[in-house]
Amino acid sequence: MDKEEALKIVQKDGLELKNLPDHFKKDKEIVLKAVKQYGYTLEHADDSLKKDKAIVLKAVNQNGYALLYADDSLKKDKEIVREAVKQNGYALEYADDSLKKDKEIVREAVKQYGYALEHADDSLKKDKEIVREAMRRNPYALKYADDSLKKDRKFILGVFKECSLGSCVEYADDSLKKDKEIVREAV
């Protein structure tokens, strides 16, 4: 098989990268065609291309979870991680810890997927703006908020007024579950 045949194969089905001989998995053009279709095929690329910013950027644009297979050096790259979490907020799980503390990155992640709050740094689980944004996307994200916010009556009352699912009250502090005004807003 030559390069032209390999290109035709991945152009038809990017997942076929995994079945190609190893020397094609080192070919930037072939891998780029594959990850444009299926970001996850980054898993089958040669390690040298998992360090290639252009390849990884295309992969995470197609599927944010492809960040899992990127080289650790690119999991610290703000541009790569921002694009990954914009495509799939839960990709925050695979970002370097330094970016899990980055408010801009975490905001993008929770705007896309509220439960991404689970992977944010603890300092941002105390941030009312971040938690409120996560709860707008998924009211149950309160589960991952810091306990101090779960006990904050004013905050809980405010988010429950925006909250579309009253059953998210289960994640509020027990002391607030008996508060008539909060329960009324939750239902």
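Below or above, wherever it landed, is the structure these notes cover. Every chain's residues receive numbers from 1 upward, in the order its sequence appears when written. Given that the model is predicted, a residue must reach a pLDDT of at least 70 before its local features are reported, and side-chain atom pairs must reach 80 or more before they are shown or counted; all residues, however, enter totals for whole chains, interfaces and linings. To get the side-chain values, all heavy atoms of the structure are used, and hydrogens and water are removed first.

Our next topic: the overall build of the chain. The helix and strand labels rest on DSSP assignments: H or I over at least four residues marks a helix, E over at least two residues marks a strand, and numbering proceeds from the N terminus. For the chain, the count of helices and strands is nine helices and zero strands. Element order for the chain, N to C, with α for helix and β for strand: α-α-α-α-α-α-α-α-α. Our radius of gyration looks at C-alpha atoms and nothing else; its globule reference is 2.2 Å times the residue count to the power 0.38. For the chain, the C-alpha radius of gyration of 21 Å lies well beyond 16 Å, the compact-globule estimate for 187 residues. Overall, the chain is about 70 × 30 × 20 Å in size when its C-alpha atoms are taken along their principal axes. By the burial criterion, 45% of the 187 residues in the chain qualify as buried. Throughout, a contact is declared for two residues whenever any of their heavy atoms are within 4.5 Å. Pairs at least 24 apart in sequence give 42% of the contacts found in the chain among residues at least 6 apart. Of the charged side chains in the chain, 39 are positive and 39 negative; the average position of the first set lies 4 Å away from that of the second. A simple rule labels every residue: compare its accessible area, found with a 1.4 Å probe on the protein chains alone, to the largest value its type can have, and call it buried under 20%, exposed over 50%, or partly exposed in between. Positive charge is attributed to Lys and Arg, negative charge to Asp and Glu, and no charge count is given to His or to the chain ends. For the purpose of locating charges, the reference atoms are NZ of Lys, CZ of Arg, CG of Asp and CD of Glu.

Here we come to the pattern of salt bridges. If charged atoms from side chains of opposite charge come close, those side chains can pair. By definition, a salt bridge exists where a carboxyl oxygen of Asp or Glu is found within 4 Å of a side-chain nitrogen of Lys or Arg. Enumeration over the complete set of coordinates arrives at 20 salt bridges. Across the pair E79 and K53 runs a salt bridge whose closest N-O atoms are separated by 2.9 Å. With E79 in helix α4 (residues 78–87) and K53 in helix α3 (residues 53–62), this pair connects stretches of sequence that are 26 residues apart. Residue classification places E79 among the partly exposed positions, given a relative accessible area of 36%.

This next bit is on the packing of aromatic side chains. Any two of the Phe, Tyr and Trp rings considered here, Trp counted by its six-membered ring, make a pair once their centres fall within 6.5 Å; the pair's planes then place it as stacked at under 30 degrees, edge-to-face at over 60, or tilted in between. Counting across every chain of the model gives six aromatic pairs. Arranged with centres 5.9 Å apart and planes meeting at 65 degrees, the rings of Y65 and Y94 form a pair that is edge-to-face. You can see Y65 sitting in the loop between α3 and α4 and its partner Y94 sitting in the loop between α4 and α5 (103–112), a full 29 residues away along the chain. Measuring from ring centre to ring centre gives 6.0 Å for Y113 and Y115, while their planes differ by 85 degrees; the resulting arrangement is edge-to-face. With relative accessibility at 32%, the residue Y113 sits in the partly exposed group. Members of the aromatic cluster, joined through ring pairs, are Y40, Y65, Y69 and Y94.

On to the environment of S123, then. Of note, S123 is situated in the loop between α5 and α6 (128–137). For S123 and K103, which are 20 residues apart along the polypeptide, the C-alpha to C-alpha distance reads 9.7 Å. Under this definition, polar contacts are N or O atom pairs within 3.5 Å; protein pairs additionally need one hydrogen-donor-capable and one acceptor-capable atom, and for neighbouring residues in sequence, both atoms have to be side-chain atoms. Within the local environment of S123, its side chain forms a polar contact with the side chain of D121, the two groups lying 2.6 Å apart.

Here we come to the packing of helix α1 (residues 3–12) against helix α2 (residues 28–37). To get an axis, fit a line to the C-alpha atoms, keeping to the stretch in contact for a helix; angles then go from 0 to 180 degrees between the N-to-C directions. Running from N to C, α1 and α2 cross one another at 10 degrees; their axes reach a closest spacing of 8 Å. Relative to α2, the element α1 is oriented roughly parallel. Across the interface between the two elements, K3, A6, L7, V10, Q11 and K12 from α1 touch E29, I30, K33, A34 and Q37 from α2. Along the lines of polarity and charge, the residues of the contact of α1 with α2 split into five nonpolar, two polar and four charged. Reported orientations rely on four angle classes, namely roughly parallel under 35 degrees, roughly antiparallel over 145, roughly perpendicular from 65 to 115, and oblique for the rest. Residue type decides the class: Asp, Glu, Lys and Arg count as charged, Ala, Val, Leu, Ile, Met, Phe, Trp, Tyr, Cys and Pro as nonpolar, and the leftover types, Gly among them, as polar.

In this structure, I30, L42, V60, L67, L92 and L117 are the most contacted members of the largest nonpolar core, which totals 54 residues. Elements with a minimum of two residues in this core: α1, α2, α3, α4, α5, α6 and α8 (153–162). For this core, the element with the highest residue contribution is α3, accounting for five residues. Residue contacts for L92: discarding those within four places in its chain leaves V85, L99, K100, I105, V106, A109, A116, H119 and A120. Residues grouped as a nonpolar core are buried Ala, Val, Leu, Ile, Met, Phe, Trp, Tyr and Cys residues, joined through side-chain atoms within 4.5 Å.

That is the geometry; function is a separate question.
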